[in-house]
Amino acid sequence: MTTLAKHPGSAPPAAASPKPQGSYRRFGDLRIALLFIAPALIGFVFFYVVPTIRGIYLSFTEYNILGDPEWIGLDNYTAIAKDPLFWNSLAVTGQYVFLNILLQTALALGLALLMHQVAKSTIIRGALLLPYLMSNVIAALLWFWMLDYQIGVVNQFIEWSGLPRIAFFGSEEWAIPTQALINTWRHMGYTALLIFAGLQAIPGHVYEVAKLDGASAFQTFRKITIPLLRPVLVLVLVVTVIGSFQVFDTVAVTTAGGPVNATRVIQYYIYQRAFTESDFGYGSAIAVILFLILALVAFIQMKFLKGNESDLD
Amino acid sequence: MTTTASRATMPAGTRRRRPFNARRAGAWALLVLAIAVSVLPFLWVLRTALSTNNALASSAASLLPAEFTFGAFKRVFGLQSPAEAVAEGGSGAAIDFWLYLRNSIIFSSITTAGAVFFSAMAAYAFARLRWKGRNAVFSLFLGTMLVPPIFTALPNFLLIKNLDLLNTMLGMVLPYVFMTPFAIFFLRQFFLNMSREVEEAAMLDGAKHLRIFFQIVLPNAAAPIATLALLTFIGQWNEYFWPLLVGSQDDVRVLQVGLGVFKSQSPQGAPDWSGLMAATLISALPVLILFAAFGKKIVNSIGFSGIK
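Residues numbered from 1 in each chain as written. Chains lettered and ligands numbered in written order. Predicted model: local features only at pLDDT ≥ 70, side-chain atom pairs only at ≥ 80, totals over all residues.

## Things to note about the overall build of chain B
Part 1 of the argument: Secondary structure assignment for chain B yields 17 helices and zero strands.
Part 2 of the argument: In chain B, which comprises 308 residues, the share counted as buried stands at 41%.
Part 3 of the argument: Relative to all contacts within chain B whose residues are 6 or more apart in sequence, the contacts with residues 24 or more apart total 71%. (Helix = DSSP H or I, 4+ residues; strand = E, 2+ residues; numbered from the N terminus. Buried ≥ 20, exposed ≤ 12 C-beta atoms within 10 Å, placed from the backbone. Contact = placed C-beta atoms within 7 Å.)

Shown next as structure tokens:
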């Protein structure tokens, strides 16, 4: 960007248009730039900046939509600290995030390595990407059917293999793992493609040298592939964690928070407080907390895993 | 990038010389398994959608449709009478996926067209124009990617409500139609790498920025703009949370929300599985068609956003 601005040819075409020269010197292209960013700026201000500020403000108020927001200071936050449903939602979401990291990253890394070894064709990558292009709602309903307790095909197989049927959505212990499985199914191929792109970027001569040094396949993987992949892996991790913290769609259309509170994840709890119970202040306060958690997670991952540095240089 | 990198690994070529071995076969088997897990559920959905509910219960695992019928599709498109629908295991509640399909197309098309066009304009200003504060403003725009959608959804809902736009298409598209941070980021990259010479030649001709933008920059960036439009459209098509909040009434309800409603209408004891799967397939179909037509573009775009 800076280089572009300094590009010798990018000086105003002074010779050709003497008239607007003065204004160009003083303002650059400011006026025309304002024209170009005007629509985007409207969207930015009214649907990102103002709502962010308003959301923070609302978290300090009592507001049930009908009247005006009433300032109550930190009351929402102190109530949240004592709210068992909030802590439950945090625990449940944490479990979901953890399972996603574990399943998704491991499976995707494995898949990416497989693709890198035996097949790089676009068709294979496309087939693996297909679930990601489907909406969460579609993924949820598809598995809601396949995992049905009575006549779902998966439970048919489980029964045939002599095991007891599993109430994937109906039991408290399975509800969250099932949601994580659906999400893993939807994201596995996408994540694998991201990692695959990272693998493709590792130059071949690095492996060549390792080979000459007599490194085993596992040593090469641990000492070369993983360190060189670190930026991609950190990115994948950040995206997975931030995305999973905001799980909502699949829960909303399948279990709706249940059974009991087993899938009442943070975003679903916010939705319930704000829209079902018309408690916008309380909902906003939980949203602020979620925002802070996500910011912290991103910060920690970037800082300690040094996601923006590669060992390749 | 991908092609050059794979070519670079070729000289290493150890695997080429190696004959067929068990490890390679095992790798293929695992890959095929992963593909099966990704793709087969869709065939199962199709098979279910073409079955009757009564037959589904008795032959739960037969690979072909149980009692082949288009009844589920008719039901979902509101072509069955309530009595017929109930007889085939439906809830009998009125459901019209034509309407939801139309709403989804309108919603996704308007937001995609607006977001891509306005983002292209902004990206041009961020990449090709020189003005004070450009980088700072761009960083602020990018920063919005960090704000979780749920956080802005609550105040945005209140704004749309105050504007009296709940359950209108305008209210649904407003937050998306002006820009998406990703679109600006994506297009800016391409505009930055464009050759300056053509632009300068046009400037010497006395062409103004608007003409340069429309006649030179946009046509030259047709390929990335098409990719971006594709990705944006699919994303908008799959959007659930915001349309759920703002467009819950029938006349603006989109497919994803309609699916959720249809599912919850199913009586708890015996859901209308074939109807639900037919509806799911209809909701997935436009994306499947786009994928069949432009799969390569979509696949090759993965990895752009992340790494560089």
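## Some details on the overall build of chain A
Part 1 of the argument: For chain A, the helix and strand inventory stands at 14 helices and two strands.
Part 2 of the argument: Relative to its 313 residues, chain A shows a buried fraction of 42%.
Part 3 of the argument: Excluding contacts between residues fewer than 6 apart, the proportion of contacts in chain A whose partners are at least 24 apart in sequence is 70%.

## Focus: helix α11 (residues 217–245) of chain A
Each full turn of the α-helix corresponds to 3.6 residues, which orients residues three or four apart in the same direction.
Residues and elements named next belong to chain A.
Part 1 of the argument: In this model α11 runs just 36 Å from its N-terminal to its C-terminal C-alpha over 29 residues, more than 12% under the 42 Å that 1.5 Å per residue would give.
Part 2 of the argument: Within α11, the axis deviates most sharply at R230, by approximately 60 degrees, and proline P231 lies no more than four positions further along.
Part 3 of the argument: All of the buried residues in α11 are L229, P231, V232, L233, L235, V236, T240, V241, S244 and F245.
Part 4 of the argument: On its buried face, α11 is in contact with α5 (84–118), α9 (172–200), α13 (266–276) and α14 (280–304). (Expected span 1.5 Å × (residues − 1). Bend = angle between axes of the 7 residues up to and from the residue.)

## Let's talk about the interface of chain B and chain A
Part 1 of the argument: Taken together, the 82 residues of chain B in the interface contact 89 residues of chain A.
Part 2 of the argument: The leading source of residues in the side of chain B that touches chain A is helix α3 (residues 22–49) of chain B, at 13 residues.
Part 3 of the argument: Tallied by class, residues from the side of chain B that touches chain A come to 54 nonpolar, 21 polar and seven charged. (Nonpolar A, V, L, I, M, F, W, Y, C, P; charged D, E, K, R; others polar.)

## Section: unusual backbone geometry
Residues apart from glycine generally show negative phi values, whereas peptide bonds are mostly found in trans.
Part 1 of the argument: Along the chain, G258 of chain A connects to P259 of chain A via a cis peptide bond; the corresponding omega equals -10 degrees.
Part 2 of the argument: Along the polypeptide, P259 of chain A turns up in the loop between α12 (249–253) and α13.
Part 3 of the argument: The phi dihedral of V260 of chain A falls on the positive side, at around 50 degrees, and the residue is not glycine.
Part 4 of the argument: Here V260 of chain A shows up in the loop between α12 and α13.
Part 5 of the argument: Judged by the 10 C-beta atoms lying within 10 Å of it, V260 of chain A is exposed.
Part 6 of the argument: Positioned with a positive phi, N167 of chain B is a non-glycine residue whose angle comes to about 60 degrees.

## Let's talk about the packing of α5 of chain A against α3 of chain B
Part 1 of the argument: Put simply, α5 of chain A and α3 of chain B touch, their axes get as near as 10 Å, and they point 125 degrees apart. Relative to α3 of chain B, the element α5 of chain A lies oblique. Between α5 of chain A and α3 of chain B lies a crossing of left-handed hand. On the side of α5 of chain A, the interface is formed by L111, L114, M115, Q117 and V118 of chain A, while α3 of chain B contributes R24, A27, W28, L30, L31 and A34 of chain B.
Part 2 of the argument: Across the contact of α5 of chain A with α3 of chain B, the residue classes tally to nine nonpolar, one polar and one charged. (Axes fitted to C-alpha atoms, helices over the stretch in contact; angles between N-to-C directions. Parallel < 35°, antiparallel > 145°, perpendicular 65-115°, else oblique. Left-handed = near helix turned anticlockwise from the far one by under 90°.)

## Focus on the environment of S195 of chain B
Residues and elements named next belong to chain B.
Part 1 of the argument: Here S195 lies in the loop between α11 (181–192) and α12 (196–204).
Part 2 of the argument: The exposed category is assigned to S195, around which 8 C-beta atoms lie within 10 Å.
Part 3 of the argument: Placed 46 residues apart in sequence, S195 and F241 show a C-alpha to C-alpha distance of 41 Å.

## Section: the confidence of the model for chain B
All names here are of chain B.
Part 1 of the argument: With 88% of its residues at a pLDDT of 70 or more, chain B has an overall mean of 83.
Part 2 of the argument: Looking over chain B, one finds the lowest element-wise mean pLDDT in helix α1 (residues 2–9), namely 42, and the highest in helix α10 (residues 169–177), namely 95.
Part 3 of the argument: Note on residues 1–15: pLDDT under 50 across the span, and 14 contacts to partners over four residues away in sequence or across chains.
Part 4 of the argument: Reported confidences for the modelled complex are a pTM of 0.87 and an ipTM of 0.87. (pLDDT = per-residue confidence, 0-100.)

## Some thoughts on the nonpolar core
Part 1 of the argument: Residues L141, A192, I195 and I286 of chain A together with A122 and Y124 of chain B are the most contacted members of the largest nonpolar core, which totals 161 residues.
Part 2 of the argument: Excluding residues within four positions of it along the chain, Y124 of chain B makes contact with F36 of chain A together with F191, F213 and V217 of chain B. (Core = buried A, V, L, I, M, F, W, Y, C linked by C-beta atoms within 7 Å.)

## What to know about the environment of Y149 of chain A
All names here are of chain A.
Part 1 of the argument: Its place among the elements puts Y149 in the loop between α7 (136–146) and α8 (153–160).
Part 2 of the argument: Along the primary structure Y149 and G67 are separated by 82 residues, whereas in three dimensions their C-alpha atoms are 46 Å apart.
Part 3 of the argument: In contact with Y149, other than residues within four places in its own chain, are N155, R165, A167 and G170.

## So, the packing of helix α14 (residues 222–237) of chain B against helix α17 (residues 273–301) of chain B
Residue and element names in this part refer to chain B.
Part 1 of the argument: One can describe the packing of α14 onto α17 by two numbers: an axis separation of 10 Å at closest approach and a directional angle of 130 degrees. As the angle between them shows, α14 and α17 are arranged oblique. In terms of crossing hand, the pair formed by α14 and α17 is left-handed. Across the interface between the two elements, T227, L230, L231, I234 and W237 of α14 pack against P286, V287, L290, F294, K297, I298 and S301 of α17.

## Some thoughts on helix α6 (residues 122–133) of chain A
Part 1 of the argument: The terminal C-alpha atoms of α6 of chain A, which comprises 12 residues, lie 15 Å apart, in line with the 16 Å expected from a rise of 1.5 Å per residue.
Part 2 of the argument: By the criterion of burial, α6 of chain A is predominantly enclosed, with nine of the 12 residues buried.
Part 3 of the argument: Three or more residues of α6 of chain A are buried, namely R125, G126, A127, L128, L129, L130, P131, Y132 and L133 of chain A.
Part 4 of the argument: Where α6 of chain A is buried, its residues touch α5, α7 and α9 of chain A together with α3, α14 and α17 of chain B.

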